[in-house]
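Observations on the three-dimensional arrangement
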Amino acid sequence: MRETGFNLNDPELLRTAAFIDGSWVPADDGASYLVTDPACGRTLAGVANCGANETLRAIDAASAALLGWRNTSAKERANSLRRWFELINASCEDLARLLTAEQGKPLAEARGEITYGASYIEWFAEESKRIYGDTIQPGSNNQRLIVLKEPVGVVACITPWNFPNAMLTRKIAPALAAGCTVVCKPAEATPLSAFALAELAQRAGIPRGVINMVTGDPAKIGGVLTRHAQVRKLSFTGSTRVGKQLLADCAGTVKRTSMELGGNAPFVVFEDADIDAAVAGALASKFRNAGQTCVCANRFLVQDSIYERFTSALVAAVNAMTLGRGDEAGVDIGPMINADAADKVIGLINHARTLGARVAAGGRRSKLGSTFVEPTVLTEVTSEMRVCREEIFGPVAPLQRFTTEGDAIALANDTRAGLAAYVYTRDMGRIWRVSDAMEYGIVGVNEGTISNEMAPFGGIKESGHGREGSRYGMDDYLEIKYLCMGGIES
């Protein structure tokens, strides 16, 4: 089944079959499932519903392609990635329309994600030529000690629905740059963006079997990917609960893993902060993608002396935001991914209200439909409320008071998550003290937009391990081999 209502300049970008060994193939039993528009529930496409057998063939294809791909020169790999990057940029509008249709975010945000995702391909195309080894001073003149870096092998990439383009490119690009091949399992809700990337990769001349994509039953596909001995690394972005299960499943074959898991980001505003800048940062961090991001501000910690001023400014800014369908002009916030996600957010709001929180803006499901939640500000929030203990993953900003710098640090670190944190202050000493004390992998200082291809993205504690982007992002796809060469003086 193929839907024609996307108005694509290049209709061939709408693919609905699995991509295995360079071919578009249906599920073995012909089964499919429906991908729908979260804004209105309309059917977008029927997509191959794959399982274990298709995944096994994808792993076989990636294994067969591995030797040839790893033996290409770094410059050849860089050129292939560069061609892929250019094709993605040339198709930006079509890719954005596909993304908005299946995920819901406003078109402007979708265009930004396409550009952001492509930036990782450009970055790692260049980094592929900078995989350096070492020579080590030997203990004897009769030896030479050399360190080489080699590709891990076949990599499994499992990605979420909130950034269906960028989360894939952030994994595929360094894997291919390092000389690895990949088997990708995109989220069931958003496979169309992934398939379009595969189509463009094929056009870019990336050899068959180097990139494979299977969609369908997450338990069946994930079970094969985690337990298969030929898969040497698994990279996952998603919930902490699923990440822990994947880690356990990978233990049997001692796979390398990268885990980018859930967050509970504090957004700390001190009394000397630039209030206007802090509000702008809050909007960028909290309400992008309707709050459905792992690094979005989850708890706002505001110093007592400016609490009312900050609240008033934030509420005014939030009330000025436009909620609507992502393909409509002027929309700032789109729908949640599905009605269940919206139900969870409404439940968190109601729980906070029963414990004394006050709704200063929003707080309800919108009349636009079951997936739309009004951008919300909650005040007088306390730590026992679920909005402070859980990852909200929705457009809700809970505001909590603090008195001293020490209080702010203690509140900020009072979580098992450790992905991102935000600090607003103009005191240079405080910037260093608080940043040093924050138990997080990423700290945004007077900045609400923290992600880019040049910086290492990842968390600590139960937010996972490994880094994506930057020169450090290549390390997770490389093994270190040490050569001890004797007989030099013979």
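See the structure above.
Conventions and cut-offs
- Residue indices follow the written sequence of each chain, beginning from 1 at its first position.
- Reporting of local features is limited, given that this is a predicted model, to residues whose pLDDT is at least 70; pairs of side-chain atoms are given and counted only at 80 or more, and all residues count toward the totals for whole chains, interfaces and linings.
- Side-chain measures were taken over the full set of non-hydrogen atoms in the model, leaving aside hydrogen atoms and water.
- All axes here are fitted lines through C-alpha atoms, helices being fitted over the stretch that makes contact, and every angle between N-to-C directions spans 0 to 180 degrees.
- Numbering of helices and strands starts at the N terminus; helices are DSSP runs of H or I of at least 4 residues and strands are runs of E of at least 2.
- Orientation labels follow simple angle bins: below 35 degrees gives roughly parallel, above 145 gives roughly antiparallel, 65 to 115 gives roughly perpendicular, and whatever is left gives oblique.
- Two helices crossing with the near one rotated counterclockwise from the far one by less than a right angle form a left-handed crossing, whereas a clockwise rotation gives a right-handed crossing.
- The contact criterion used throughout is that any non-hydrogen atoms of two residues lie within 4.5 Å.
- Gly falls in the polar group here, along with every residue not listed as nonpolar (Ala, Val, Leu, Ile, Met, Phe, Trp, Tyr, Cys, Pro) or charged (Asp, Glu, Lys, Arg).
- In this analysis, strands are considered paired if DSSP registers two or more bridges between them.

**Thoughts on the packing of helix α2 (residues 74–90) against helix α4 (residues 107–127)**
Running from N to C, α2 and α4 point in directions that differ by 165 degrees, and their axes come no closer than 8 Å. In this view, α2 runs roughly antiparallel relative to α4, as classed from their interaxial angle. Viewed along their axes, α2 and α4 form a crossing whose handedness is left-handed. Side by side, α2 and α4 meet where A78, L81, R82, W84, F85, I88 and N89 of the first sit next to I114, A118, I121, E122, F124 and A125 of the second. For the contact of α2 with α4, a count of residues per class yields ten nonpolar, one polar and two charged.

**With respect to the sheet that holds strand β17 (residues 420–424)**
The strand order across the open sheet formed by seven strands is β14-β15-β16-β13-β12-β17-β18, and the pairing between neighbours is mixed. The strands lining the two open edges of the sheet, one partner per strand, are β14 (358–361) and β18 (442–445). In this sheet, neighbouring strand axes are inclined to one another by 25 degrees on average, regardless of whether the strands run parallel or antiparallel. Packed on one face of the sheet, helix α10 (residues 307–319) meets β12 (265–269), β13 (297–303), β14, β15 (376–379) and β16 (396–402) and runs near 175 degrees to β16.

**Re the sheet that holds strand β5 (residues 134–136)**
Spatial ordering of the open sheet is given by β5-β6-β20, a layout of three strands whose pairing is antiparallel. Across the chains shown, the open sheet's two edge strands, defined by having one partner strand only, are β5 and β20 (478–485). The sheet shows a mean angle of 25 degrees between the axes of neighbouring strands, direction not considered. Here three bridges tie β5 to strand β6 (residues 144–151), and the two strands are oriented antiparallel to one another. By the bridge assignment, D134 is partnered in β6 with V147.

Read these as geometric descriptors, not functional statements.
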